Each structure stands twice: as structure tokens, then as C-alpha cells.
Amino acid sequence: MGSPPIVPPLQLVCTPPAYVSLCHQYLPSTATNTTARLAALRGTMRAHGVHAYIVPSTDAHMSEYIAERDSRLGWLTGFTGSAGTGVVTQDKAALWTDSRYWTQAERQLDCNWELQRTTWIESIGLWIMEAVPVGGNISLDPFLFSIDTWNSYSQALHGSGRTLLPIETNLVDQAWGDQRPPPPSGEIYSLPAAFTGSSWQEKVAGIRQQMEQHVRRPTAVLLSGLEETAWLFNLRGDDIPYTPVFYAYTLLTNTSISLFVDKLRLTAAAQLSLRADCPGPLCVELQDYSQALVHLRLYAHGNVTIWLGTQYTTYGLYSVIPQEKLLEDSYSPVMLAKAVKNVKEQEMLRAAHVRDAVAVIQHLLWLEKMVPQGQVDEFSGAQHIDMLRQAQEHSHGPSFQSISASGLNAALAHYSDGTTDITRTVHWGVPTPLQKEAYTRVLMGNIDLSRLVFPSNTAGRAVESFARRALWDVGLNYGHGTGHGIGNFLSVHEWPVGFQSNNVPLTAGMFTSIEPGYYQDGEFGIRIEDVALVVEAQTKHQSGEKPFLTFEVVSLVPYDRNLIDLSLLSPEQIRYLNTYYETIRARVGPELQRQQLEEEYRWLQRSTEPFPLSSAATTATATMGVLALTSFLSTLLIGLQA
């Protein structure tokens, strides 16, 4: 698709109201003056005949985190939240975001912008119809919107007399000009075979086998998600914060492989690996990243069927493929294959969590000493855990930005043999009865889900309530999801694994977090998060061909004994905790001693003393228990007492 013909713009007000320049005198220092940026964008809009332009917070690969170069919404608005949508007309501008970011947006937006406290596309559509007269063109960059989002905008504006007009030239980029950050230049490198368990050739053969066995017999698979290409070829890079991936597309056919990437950034070893089998069906043809669309258009002219995952494919790519040549699933076969870790990947992720436990235990001991003295704050605490993790073998930086909640929070961690994600809530002093009960019930939910035995092919959504039951029993709940998939030195939030309605059924080999919580507004917050591996359960009986499943918790950090009310726990839950603590001692203890961390070793021994069964509640007052997995996020309850 080329750019649309230039049409005369509707006669709208083209200069900001007079008060805008004055009101900046009274803005907080956290706000950005966007007058010049909006003027530049409005100029490009007029040149393209655009009356409203929609700016998302995404990149061309639907990445969870985006590079500064792709932070178009942030540059245009000054708003740095991770989720939002902006709409600009010739005389108005508005930002839509969810409740997590309302306060932040109020501090960062200047008076050129209206804050809309919702994310509904229907709301955006209504605002546009009020701001743009009938006959106006509503435009966007089709390579920054998912297929579903495009369809939602199309439906919201349908019959309104306004035209939804995709423009391949990004107008924000034109306004940004030479001030836009440059493209990434870091190396793209191969992972050692010891960290992967499967060669990229074996992975390609597996995907091609799925293509041959599919009833539609697709001739190609299109990969748009950055993690898909990184996983398939055992390559990693540093183009995106917190996720070791690189900009690329892949078109895998029955007989050829096209990788669209900046090939100059591939290390010599990576190029040798990709080109080792040339010529032939396992020869990777390296093409420039910018040629992906041109190549796809040409390929789609043939007698082909292209298999893609709609969750990570933009409307811009999707729209060049004729409908009759599309094979659509929510997730590509590569995304589903990546979710099930092989034996070597499972081994590596377990090992990463042992080393991560060492760093977290060091941090908890440090906090235990420093917090009562008032010598630690959120920033110094986050720096400390990052430093400790960086010192561990194979550490490759944080997998998540440090989070500020009701107390001290540390970042999550990446290791080149795995990705970790753990949350522990701690309290130094005397917790209130509500804090102690809430913590214990969150722990009970963590246990209940972690030790659950369930049939193969069960959807995570079907068992998610086990994590909430102990809270529900007393009228409490939490508003976030219960868990998400974990990548193998990839994303800390790996789709499509988890407990939401759009996640795939749980399968042995998948890693997921289990992270119930409770939050008392303005007072305190609790979350207990562990990472768990889905494994086959050892059951007394076996019905059907497939075995039942359960979870193996790989996070190895004890919970805060000061916050546990043993009288609420059942005997089964206490036995589970004691068994889990035995596992922590057996796996983490030797590593602490190997690293000559004797004080931390003694702390671990104290913190994993078995709990007395005599303190357990009757089965009538306690739910069944289990444990979960994750990477580190240490939360300090508000209201510490000396």
C-alpha cells in the first residue's frame, strides 16, 4: 500500500489556544512542554490530509517493552507509562490510559493534552467523532496496530462518515525527525548449545513437520514476534529493554528460510551457524529488515498459504495477504513450541533459580539489617539486588524494571540459561492482625494452586480460582492475574502460558508464575510469587492415555515466618511447606557454601526450620495447599514498627 493521495484538510482550528503558552508557567517540573512537537505533527498531518492521527504505545512487533526509538507516544506526550493511546487533531489532543497510570499521566502531561481515564476503543471512537466532522480522515500507522485493534477501530468508526485510513509512513517519526534515537547497533549473537537443548535446524524441522501435518498444508509460516525469531534460531540481542531480542522477521517455507535482519550486526559465529547448510532447505537467506514487507507481498502473489499468529502480527503485514491465502491462529506454531521447554531448558531454568535464590537471600539478609536502622530506600534497595544478581554466574541484567509499590521493590533477573521472577513480602516489626491474616491467606492460595493435581490439557483459567479460594473465604480478593509464562533467557512475561482466558491449556514442560496477592489501599500490599514447572503427577490411579499434571516449584526462597499465622493452615499445607523448605536447604544450601556465604547459609537454616504440625488448623477452616515459582520483587509492608 502506498501513501494516500493528498486531499485538502477540513477547516479546523490549526493553532493552539492562547492559554497554552501561559499555562506552562504553572506546570510541575515532571511535565513536558509538547507545543512544538504537536505543531510538527499537525504539519505532517495537514500534508497527508489527515484530520485525526492515532498514536499507540506499541512497536511493530507487539513487544511488551519497547526501545526508546519506538517510544513515539512518550516523545509526543511526555507520558512514560507502558500502556496508552494518543489521538491528535488540528486543535485537540487526548491520551487514554488505565488506572495504573492516571496519577503518573496527571504529572507528566502538559495542558495541551486531555487525560481520558479509560482504554476502551469505543471511547476513543466517540471522542474522535466529536472532534472530527463528517468526511474527515482518521489515520494511523498499520504496522503499530494488531489485527484485533484495527478491527476494533474500524467497527467503532463504521457508519460515522469518517474514513479510517492506514498510512505506511509514520507521521510521528516525520515530526520527530533527526532527534529520534538511532537504530540499535549491538551484536546479535548465538546461544551456546549447552543453553538450548535443540539446534535451530531441529526446531525448523519440527515446525515444517507441523506444516506438513496440518489439514490446510500451509506453505509458509510468518513470524513477527521478536521472541519467535530469537528462539527459533537460538539467537539473542539487546534491542529491547529487559528482553534479549533483536529486530527481525522470519518467513519459513517448506524449502527456504528468509531472515529479515540487520545482518551486519550478526556475529561471525552467528552468521556461520545460519549459513552452514547453504545452499539447501536449511540455508538461512539473510535479507535486510526493511525488505520484509516487499518480500511478503511478492510471496503472497503465488499459490501459497501463509500461517501466522494474529496476536503478534500487525495489520500492516496481515493486510497484504489475500484472505484466501491466510491460515490464522491466535499464536504461531513457533510460539506454542517455544512455550514447552525441553529437558535441557528445564535444567537450565532450575539452575538459574538456584543462583537467583542466592542473590535474593543475600538481599533479604541485608534488608533485615538495614531496614530497622532506616538506612535503605526503594532506590538503594533496587540497586542492591541488581548488584547481587549481576555478581552471579551467567547473569545478563534485569528482566523487568524496578517497581515502586507500597514498599521496597527489587527488579527481576535474566540469566543466559534462564529467566527468573520471584516476589517475597517481608515485615520487620509486629504486623497487624489484618496484615498477618492477609499474608497467610495469600500464601495458602499460592500453596493450593502449586500442589494441585489436574487433568492433562486443562486450561489455566479452569484452576486459577484455587489461588483465590482462601481469600474469597473471608471476602478478600486481588485485581491482577494469577500468573504468566516464563521464557528461557527471553521474556519474563511469556505468552501464551498462564491462567487467563486467552492462554493455552497447560502442558508438561511449561513454566508459569503463580502469584496471588492482596492490596489494602493506602496501607499495605502483599504478593507471593513463585515460578513453577508443569510436570506429570504421580497419582495412585491412571485414567485415560495422558497422565495428570501438577506443578514443581523452582523458586527457592523461604517465606517470611513473621507473617504466617499457622492456625489458619491445614496439616497438608504445613507438610507441603516443610517439604518445600527441605528442597530449598538441599538445593540452595550447598550453593551458598560453595560461594562461601556462611552468614547467608545460617540465615537459610533458621528461615527453613520445619513448622510444627500441632499448630495447624482443622480441615474445616483451611484449604488445601501448594507452592509456586517466580523472580524477585521484595515488598516492604507499610507501617513498620521498631
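Please refer to the structure placed before this passage.
Residues numbered from 1 in each chain as written. Predicted model: local features only at pLDDT ≥ 70, side-chain atom pairs only at ≥ 80, totals over all residues. Heavy atoms only, no water.

1. Concerning unusual backbone geometry
At step 1: Here the residue pair C278 and P279 is connected by a cis peptide bond, since its omega of -10° sits within 30 degrees of zero.
At step 2: Within the fold, P279 resides in the loop between α10 (268–275) and β12 (284–287).
At step 3: Looking along the chain, the bond that leaves W495 and enters P496 is cis, with omega of 10°.
At step 4: Locating P496 in the fold gives a position in strand β20 (residues 494–498).
At step 5: One non-glycine residue, N234, adopts positive backbone phi at about 55°. (Helix = DSSP H or I, 4+ residues; strand = E, 2+ residues; numbered from the N terminus.)

2. A look at the sheet that holds strand β14 (residues 326–329)
At step 1: If you trace the six strands from one edge of the open sheet to the other, you get β12-β11-β10-β8-β13-β14, paired in mixed fashion. Of all strands in the sheet, those with a lone pairing partner are β12 and β14, marking the two edges. Averaged over all neighbouring strand pairs, the angle between strand axes comes to 20°, with direction disregarded.
At step 2: Sheet analysis places strand β11 (residues 257–260) next to β12, joined by four bridges and oriented parallel. Looking at β12, one finds that S258 is bridged to E285.
At step 3: The sheet strands contacting helix α8 (residues 200–213) are β8 (220–223), β10 (249–253), β11, β12 and β13 (306–309), and the helix crosses β10 at an angle near 60°.
At step 4: Here helix α11 (residues 292–300) sits on the sheet and contacts β8, β10, β11, β12 and β13; the angle it forms with β10, its principal contact strand, is near 25°. (Pairing = 2+ DSSP bridges. Axes fitted to C-alpha atoms, helices over the stretch in contact; angles between N-to-C directions. Contact = heavy atoms within 4.5 Å.)

3. Digging into the packing of helix α19 (residues 571–594) against helix α20 (residues 598–607)
At step 1: It is the contact of α19 with α20, at a shortest axis distance of 9 Å, that shows an interaxial angle of 175°. With respect to α20, the element α19 is oriented roughly antiparallel. When α19 is examined against α20, the residues Y581, I584, R585, V588, G589, L592 and Q593 are found in contact with a partner set consisting of E598, E600, Y601, L604, Q605 and S607.
At step 2: Split into classes, the residues belonging to the contact of α19 with α20 amount to six nonpolar, four polar and three charged. (Parallel < 35°, antiparallel > 145°, perpendicular 65-115°, else oblique. Nonpolar A, V, L, I, M, F, W, Y, C, P; charged D, E, K, R; others polar.)

4. Section: the sheet that holds strand β1 (residues 52–56)
At step 1: Strands sit in the order β4-β3-β2-β1-β5-β6 across an open sheet of six strands; the sheet is mixed. Two strands close off the open sheet at either side, each with one partner strand: β4 (114–116) and β6 (163–166). Between one strand axis and the next, the sheet turns by 25° as a mean value, whatever way the strands run.
At step 2: Where β1 lies against strand β5 (residues 137–140), two bridges are found, and the strand directions are parallel. In the sheet register, Y53 faces β5, and the bridge partner there is S139.

5. Regarding helix α14 (residues 343–370)
At step 1: In a regular helix each residue adds 1.5 Å, so 28 residues correspond to 40 Å; α14 covers 41 Å between its end C-alpha atoms and thus fits that length.
At step 2: Measuring from the side-chain oxygen of the N-cap residue of α14 to the backbone nitrogen of K344 gives 3.1 Å; that N-cap residue is N342. (Expected span 1.5 Å × (residues − 1). Polar contact = N/O pair within 3.5 Å; in protein donor to acceptor, adjacent residues only side chain to side chain.)

6. Thoughts on the nonpolar core
At step 1: Membership of the largest hydrophobic core comes to 72 residues, with the highest contact counts inside it found for L449, F454, F551, Y559, I564, Y580 and V588.
At step 2: A total of 10 residues in this core trace back to one element, the largest contributor, which is α14.
At step 3: If we ignore the near neighbours within four places in the chain, the residues touching F454 are V463, L506, V534, F548, L549, T550 and F551. (Core = buried A, V, L, I, M, F, W, Y, C linked by side-chain atoms within 4.5 Å. Buried < 20%, exposed > 50% of the residue type's maximum accessible area, 1.4 Å probe, protein only.)

7. A few points about the pattern of salt bridges
Side-chain pairs of opposite charge can arise where the charged atoms are in close proximity.
At step 1: Going through the model one piece at a time under the given rule, you end up with 21 salt bridges.
At step 2: Two residues, R180 and D173, come together in a salt bridge whose shortest N-O distance is 3.3 Å. Each member of the pair R180 and D173 is classed as buried.
At step 3: K338 is the partner of E494 in a salt bridge, and the nearest nitrogen-oxygen pair spans 3.1 Å. Linking E494 in strand β20 with K338 in helix α13 (residues 333–339), this pair joins segments that are 156 residues apart in sequence. No difference in accessibility class separates E494 from K338, as the two residues are buried. (Salt bridge = Lys/Arg side-chain N within 4 Å of Asp/Glu carboxyl O.)

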